Amino acid sequence: MHKITDIIARETSDSRGRPTVSVTVHADEHEGTFDVPSGASTGSLEACELRDSDGRVSRAIDNVNTLIKREIAGMDVHDQSQIDAKIIALDGTVNKSKLGGNATIGVSIAVAKAAAKAEGMEPFEYLRQLADIKPSRKTPYLYLNYINGGKHAKSPIAFQEHMLVPDTNSVTEALEMAEVLEKALYEIVAKKYGAETAAEVGDEGGYVLPEGTYETPFELSAQAIHDSGYDGKCFIAADVAASSFFSEGAYVMQGERYSADDLREIYLSLIKKFSILSIEDPFFEESFEDFAKLQKQTDVRIVGDDLTVTNKAMLTRAIGTCSVRAIIIKPNQIGTLSETLDTMHEARSRDVDCIVSHRSGETNDDFIADLAFAFGCFGLKTGSLRKPERVIKYKRLEKISSLAE
Ligand code: PGA
Ligand code: ZN
């Protein structure tokens with residue numbers, strides 16, 4: 001047993017330069033730190049990110065250093081579920097709005113990291129003691145986001161993320177392929193739009209296209225795959241984040257209004273033309289039926305993110321309506337590690353795949369790589385190789401997958 005002896009929260013910055021919470025939990029001579037990320041295209045049912053009126057996070061930090069510390073100091077750092085239950089009860093709201101989801105997830109994951117240290121284990125090994133979750137794959141697919149749009153870039157492209165997914169079980173090979181693909185895409189973008197455009201980097205490390213339609217990023221991605229000699233060896237995936245361009249009952253792309261049926265036809269035609277592995281949030285976040293209609297017409301994984309917000313109740317609803325075959329897992333969407341693991345467990349017991357994801361405002365923390373690897377998740381989605389805070393997570397995955405061999 002190792003008692004929690006101290007908890008210290010302080011302010012740090014995320015990759016967009018915005019203030020965020022860093023929490024260190026001490027358990028005797030061991031400690032664990034988690035730096036909390038922050039989303040831009042957030043689902044409305046996500047755990048509340050507590051911010052002061054000037055954008056700082058001092059109230060969330062105070063909540064950790066006073067209320068949460070008082071509640072859980074002295075507890076055994078290995079009692080993850082009891083610690084999280086205490087935090088949830090102390091908060092008492094449905095969306096962590098009293099303490100702040102950024103405060104609660106900071107503590108919750110820092111507790112697990114400190115506990116792993118106390119056991120002399122890697123976080124992924126320790127995580128396996130906390131939950132029994134059916135694996136999807138030996139190592140997760142790398143979801144490398146190479147063309148940014150929507151809320152993540154100043155671009156007319158409405159879909160938020162266009163990803164390249166190397167089809168291999170080896171993380172090292174996937175990263176080698178990612179570098180080749182990156183170079184090929186650079187050449188394509190520079191030739192089509194100029195070197196200045198090719199030098200621009202979106203929030204998650206992708207290229208930012210100054211013009212084009214929803215189809216352009218798919219064409220460029222397919223071209224990059226072809227130029228790299230990876231035809232048949234690399235998938236394309238998309239995160240549409242459709243809530244971000246849904247307005248007054250229609251989807252508005254470049255001034256044109258599209259119905260859900262129009263959009264479904266668009267997805268089905270993209271699926272016919274390109275080698276697509278998954279499509280995330282293809283419709284507005286409350287459109288369980290539209291998700292289901294599309295999922296019924298394709299074998300491609302339809303993925304819930306804003307739809308399901310790592311929330312077990314929302315996932316159960318999405319499973320009941322046959323809306324998704326995969327879900328995005330973002331621990332800060334729900335606010336504690338135990339609830340995250342519960343949602344993952346539920347997903348896998350119903351044969352829904354989990355894709356663990358970063359946020360668009362990230363930190364240098366690499367815990368999500370351990371989370372994805374520990375449970376053999378379907379994917380790890382953490383941007384491109386053009387931004388260091390994303391590379392850190394892929395490199396961590398490479399390291400732990402080789403450790404475990
Ligand atoms: P966010 O984007 O972190 O801005 O929510 C990531 C995603 O939607 O998957
Ligand atoms: Zn998303």
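Being a predicted model, the structure only gives us computed values, none of them experimental.

### A word on the domain arrangement of the protein chain
How big an interface is tends to be stated in terms of the accessible area lost upon association of its parts.
1) Next: For the protein chain, the assigned domains read domain 1 (4–120) and domain 2 (141–403).
2) Next: Domain 1 puts 31 residues into the contact, and the matching count from domain 2 is 28 residues.
3) Next: Summed over both sides, the interface of domain 1 with domain 2 buries roughly 2,400 Å², with 54% coming from carbon and sulfur.
4) Next: Remark: the boundary between domain 1 and domain 2 carries four salt bridges.
5) Next: Along the contact surface separating domain 1 from domain 2 lie 22 residue pairs in polar contact (both at pLDDT 80 or more).
6) Next: It is helix α3 (residues 101–119) that provides the largest number of residues to the side of domain 1 that touches domain 2, a total of seven residues.
7) Next: Classifying every residue of the side of domain 1 that touches domain 2 gives ten nonpolar, 14 polar and seven charged.

### Notes on the site of ligand 1
1) Next: Taken together, 14 residues form the shell around ligand 1, and within it Ala40, His152, Arg359, Ser360 and Lys381 come nearest.
2) Next: The separation between an oxygen atom of ligand 1 and a polar side-chain atom of His152 is 2.8 Å.
3) Next: One nitrogen or oxygen atom from the side chain of Gln160 is found 3.0 Å from an oxygen atom belonging to ligand 1.
4) Next: Look at ligand 1: alone it shows 280 Å² of surface, and the protein chains cover 100% of it.
5) Next: Residues that form the shell around ligand 1 fall into these classes: one nonpolar, five polar and eight charged.
6) Next: A domain-level breakdown of the shell around ligand 1 finds at least three residues from each of domain 1 (4–120) and domain 2 (141–403).

### Thoughts on the sheet that holds strand β10 (residues 256–258)
1) Next: Across the sheet, three strands lie side by side as β8-β9-β10; this open sheet has antiparallel pairing. Looking at the sheet topology across the chains shown, the edges are occupied by β8 (246–247) and β10.
2) Next: Sheet topology note: the β8/strand β9 (residues 250–253) ladder contains two bridges and is antiparallel. When the bridges of β9 are listed, Phe246 appears paired with Tyr251.

### A short note on the sheet that holds strand β2 (residues 19–27)
1) Next: As summarised here, the arrangement of the three strands in space is β1-β2-β3, forming an open sheet in which the pairing is antiparallel. Of all strands in the sheet, those with a lone pairing partner are β1 (4–13) and β3 (30–35), marking the two edges. Sheet twist, expressed as the average angle between the axes of neighbouring strands with direction ignored, equals 15 degrees.
2) Next: Pairing between β2 and β3: six bridges, direction antiparallel.

### Brief notes about the UniProt feature "domain: Enolase N-terminal" (unreviewed entry) in the protein chain
1) Next: UniProt records the feature "domain: Enolase N-terminal" (unreviewed entry) at residues 4–127, using the numbering of this structure.
2) Next: Between the first and last C-alpha atoms of residues 4–127 the distance is 18 Å; the span itself is 41% helix and 20% strand.

### Focus on the side chain of Asp76
1) Next: Tracing the backbone through its elements, the reader meets Asp76 in the loop between α1 (58–72) and α2 (80–91).
2) Next: Comment: no salt bridge for buried Asp76; closest opposite-charge side chain is Lys3, at 9.7 Å.
3) Next: Within the structure, Asp76 has its side chain in polar contact with the backbone nitrogen of His2 (distance 3.4 Å).
4) Next: Each residue touching Asp76, except ones within four places of it in the same chain, is listed here: Met1, His2, Lys3 and Ile83.

### Regarding the nonpolar core
1) Next: Counting residues in each nonpolar core, the largest one holds 118 residues, and the members touching the most others are Ile72, Met344 and Phe375.
2) Next: Per element, the largest residue contribution to this core is eleven residues, and it comes from helix α5 (residues 171–193).
3) Next: When residues of this core are assigned to domains, at least three fall in each of domain 1 (4–120) and domain 2 (141–403).
4) Next: Those residues in contact with Met344, other than ones at most four positions away along the chain, are Ile133, Ile329, Cys354, Val356, Leu371, Phe375 and Cys377.
5) Next: Formed by twelve residues, the second largest nonpolar core is a distinct cluster that contains Tyr143, Phe235, Ala237 and Val303.

### Describing the UniProt feature "binding site: substrate" (unreviewed entry) in the protein chain
1) Next: Per the UniProt record, the feature "binding site: substrate" (unreviewed entry) sits at His152, Glu161, Glu280, Asp305, Ser357, His358, Arg359, Ser360 and Lys381.
2) Next: Looking at the secondary structure, you find His152 in the loop between β4 (141–148) and β5 (161–166).
3) Next: Judged by relative accessible area, which is 4%, His152 ranks as buried.
4) Next: In this view, His152 contacts Ala40, Ser41, Gln160, Glu161, Gly202, Asp203, Glu204 and Ser360; residues no more than four positions away in its chain are not counted.

### Notes on the environment of Ile4
1) Next: Looking at the secondary structure, you find Ile4 in strand β1.
2) Next: Each C-alpha atom of the pair Ile4 and Ser170 lies 38 Å from the other, and the pair is 166 residues apart in sequence.
3) Next: In this view, Ile4 contacts Val25, His26, Ala27, Ile72, Ala73, Gly74, Met75, Val77, Ile83 and Val111; residues no more than four positions away in its chain are not counted.

### Overview of the pattern of salt bridges
1) Next: In the structure shown here, the tally under the stated rule is 27 salt bridges.
2) Next: The salt bridge involving Arg359 is made with Glu46; its shortest N-O contact spans 3.1 Å. You can see Arg359 sitting in the loop between β14 (353–357) and α13 (367–374) and its partner Glu46 sitting in the loop between β3 and α1, a full 313 residues away along the chain.
3) Next: A salt bridge links Arg51 to Glu49; the shortest N-O distance between them is 3.0 Å.

### Some remarks on α1
1) Next: End to end, α1 covers 20 Å across 15 residues, agreeing with the expected 21 Å (1.5 Å per residue, within 8%).
2) Next: Along α1, the largest kink reaches about 35 degrees and is centred on Val64.
3) Next: The complete set of buried residues in α1 reads Ala60, Ile61, Asn63, Val64, Ile68 and Ile72.
4) Next: One or two residues past the end of α1 sits Gly74, with phi positive at roughly 90 degrees.

About the thresholds
- Residues numbered from 1 in each chain as written.
- Chains lettered and ligands numbered in written order.
- Predicted model: local features only at pLDDT ≥ 70, side-chain atom pairs only at ≥ 80, totals over all residues.
- Heavy atoms only, no water.
- Domains from an automatic or database assignment.
- Contact = heavy atoms within 4.5 Å.
- Buried area = accessible area lost by both parts, 1.4 Å probe.
- Salt bridge = Lys/Arg side-chain N within 4 Å of Asp/Glu carboxyl O.
- Polar contact = N/O pair within 3.5 Å; in protein donor to acceptor, adjacent residues only side chain to side chain.
- Helix = DSSP H or I, 4+ residues; strand = E, 2+ residues; numbered from the N terminus.
- Nonpolar A, V, L, I, M, F, W, Y, C, P; charged D, E, K, R; others polar.
- Near = heavy atom within 4 Å.
- Areas by Shrake-Rupley, 256 points an atom, 1.4 Å probe, with all protein chains shown as cover.
- Pairing = 2+ DSSP bridges.
- Axes fitted to C-alpha atoms, helices over the stretch in contact; angles between N-to-C directions.
- UniProt positions renumbered as here; feature names shortened; annotations may be inferred.
- Buried < 20%, exposed > 50% of the residue type's maximum accessible area, 1.4 Å probe, protein only.
- Lys, Arg positive; Asp, Glu negative; His and termini not counted.
- Core = buried A, V, L, I, M, F, W, Y, C linked by side-chain atoms within 4.5 Å.
- Expected span 1.5 Å × (residues − 1).
- Bend = angle between axes of the 7 residues up to and from the residue.

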